[in-house]
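Spelled out, the chains give:
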Amino acid sequence: MRKRWLTASLGLVTVTTLACGSLRLPFTGESPISGTRLTEEELHSEIGGFATRFGGVVGSAAEDISAATDQRAIRRRTLLWRMRMIPAAQAAAFTDSAREGYLRALGLSIAQRLYLTEGDGRALFGAQQQIAVDAANSLEQDALQIGALFLSPEKQQQVKAEVEALARKNPIVGRDFSLQRVKNVSHQAASSTSLMSVLTFPLAPFRALE
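What this report covers is the structure whose coordinates are included nearby. (Residues numbered from 1 in each chain as written. Predicted model: local features only at pLDDT ≥ 70, side-chain atom pairs only at ≥ 80, totals over all residues. Heavy atoms only, no water.)

### Some remarks on helix 6 (residues 153-169)
Point 1. The end-to-end C-alpha distance of helix 6 is 24 Å, a good match for the 24 Å that 17 residues give at a rise of 1.5 Å each.
Point 2. Every buried residue of helix 6 is listed here: Gln156, Val159, Lys160, Val163, Glu164, Leu166 and Ala167. Mapping the buried residues of helix 6 onto a view down its axis gives an arc of 160°, with all of them on the same face. For helix 6, exposure combined with an orientation more than 90 degrees from the buried face picks out Glu154, Gln157 and Lys169. (Helix = DSSP H or I, 4+ residues; strand = E, 2+ residues; numbered from the N terminus. Expected span 1.5 Å × (residues − 1). Buried < 20%, exposed > 50% of the residue type's maximum accessible area, 1.4 Å probe, protein only. Arc of directions from axis to C-beta.)

This is the structure we're talking about:
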């Protein structure tokens, strides 16, 4: 039961891979679709896929936790987890800027991991806490894998470090997944000169007519 969230994540990745007809090429800086620089369209698609997987992983993990406890408080928290975090991940997929969407997706995944491992939510799910932690770690790695499509390992580490620093200053708080402060992460990241200098690479134009 504890592995249901992982099965859901792998299933969604498999479906996405089959639909695209190609595999990701990590750490190459090239598009998995055409072997050239990643386009805005493709990056938006990657973020959309992340949002779908995020919902599947969080939803399955929440169900596993709820099924493993008879405590109403914990079951209520699993519901709040789904209600607060899944829409936030979906919102990242609908930003006009693919770069900002990536920063929002990465920032949310890092903030979630910090919240569940060392923040206010570190004991939120009692004996089932590790299920949530495993899900959060998996989703953070998923977001980093998207970055590997267009960032060198060195630049990716720089982006991760800066976004994590922002997430630590603007954490998810309380026991109900309050995201009020987390919303500042994407705004501050988008206005960060050092971050945007890394992300302002020349994305290729749309290849919609190809």
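### Things to note about the nonpolar core
Point 1. In this structure, Trp81, Leu116, Phe125, Phe150, Val159 and Phe177 are the most contacted members of the largest nonpolar core, which totals 57 residues.
Point 2. With 11 residues, the top contributor of residues to this core is helix 4 (residues 98-117).
Point 3. Non-local contacts of Phe125, meaning those with residues more than four positions away in its chain, are made with Ile65, Ile74, Arg77, Thr78, Trp81, Leu116, Ala132 and Phe177. (Core = buried A, V, L, I, M, F, W, Y, C linked by side-chain atoms within 4.5 Å. Contact = heavy atoms within 4.5 Å.)

### Overview of the packing of helix 2 (residues 40-67) against helix 4
Point 1. The N-to-C vectors of helix 2 and helix 4 enclose an angle of 25°; their axes lie 9 Å apart at closest approach. The orientation of helix 2 relative to helix 4 falls into the category roughly parallel. The handedness of the crossing between helix 2 and helix 4 is left-handed. Two secondary-structure elements touch here, helix 2 through Glu40, Leu43, His44, Ile47, Phe50, Phe54 and Val58 and helix 4 through Ala98, Arg99, Gly101, Tyr102, Ala105, Leu108, Ser109 and Gln112.
Point 2. Partitioned by chemical class, the residues of the contact of helix 2 with helix 4 number 9 nonpolar, 4 polar and 2 charged. (Axes fitted to C-alpha atoms, helices over the stretch in contact; angles between N-to-C directions. Parallel < 35°, antiparallel > 145°, perpendicular 65-115°, else oblique. Left-handed = near helix turned anticlockwise from the far one by under 90°. Nonpolar A, V, L, I, M, F, W, Y, C, P; charged D, E, K, R; others polar.)

### Structural notes on the layout of surface pockets
Point 1. As a volume, the second largest pocket reaches approximately 300 Å³.
Point 2. Every residue lining the second largest pocket is counted, 15 residues in all, and those nearest its centre are Ala88, Arg104, Leu179, Val182 and Lys183.
Point 3. In terms of residue class, the lining of the second largest pocket is built from 8 nonpolar, 4 polar and 3 charged. (1 Å grid on protein atoms, 1.4 Å probe; cavity = no way out; pocket = protein on both sides within 12 Å on 5 of 7 lines; lining within 4 Å. Points joined across faces, edges and corners; volume = space filled by probe spheres on them.)

### Some details on the packing of aromatic side chains
Point 1. This structure, assessed with the given rule, holds 6 aromatic pairs.
Point 2. Here Trp81 and Phe177 contribute two aromatic rings whose centre-to-centre distance is 6.3 Å and whose plane-to-plane angle is 5°, an arrangement assigned as stacked. Of this pair, Trp81 sits in helix 3 (residues 72-92) while Phe177 sits in the loop between helix 6 and helix 7 (183-190); the two residues are 96 residues apart in sequence, bridging distant segments of the chain. In this structure, Trp81 and Phe177 share a single accessibility class: buried.
Point 3. Relative to Phe177, the ring of Tyr115 lies with its centre 5.0 Å away and its plane at 55°, an arrangement referred to as tilted. Of the two residues, Tyr115 sits in helix 4 while Phe177 sits in the loop between helix 6 and helix 7, which places them 62 residues apart along the sequence. (Phe/Tyr/Trp six-rings, centres within 6.5 Å; stacked < 30°, edge-to-face > 60°.)

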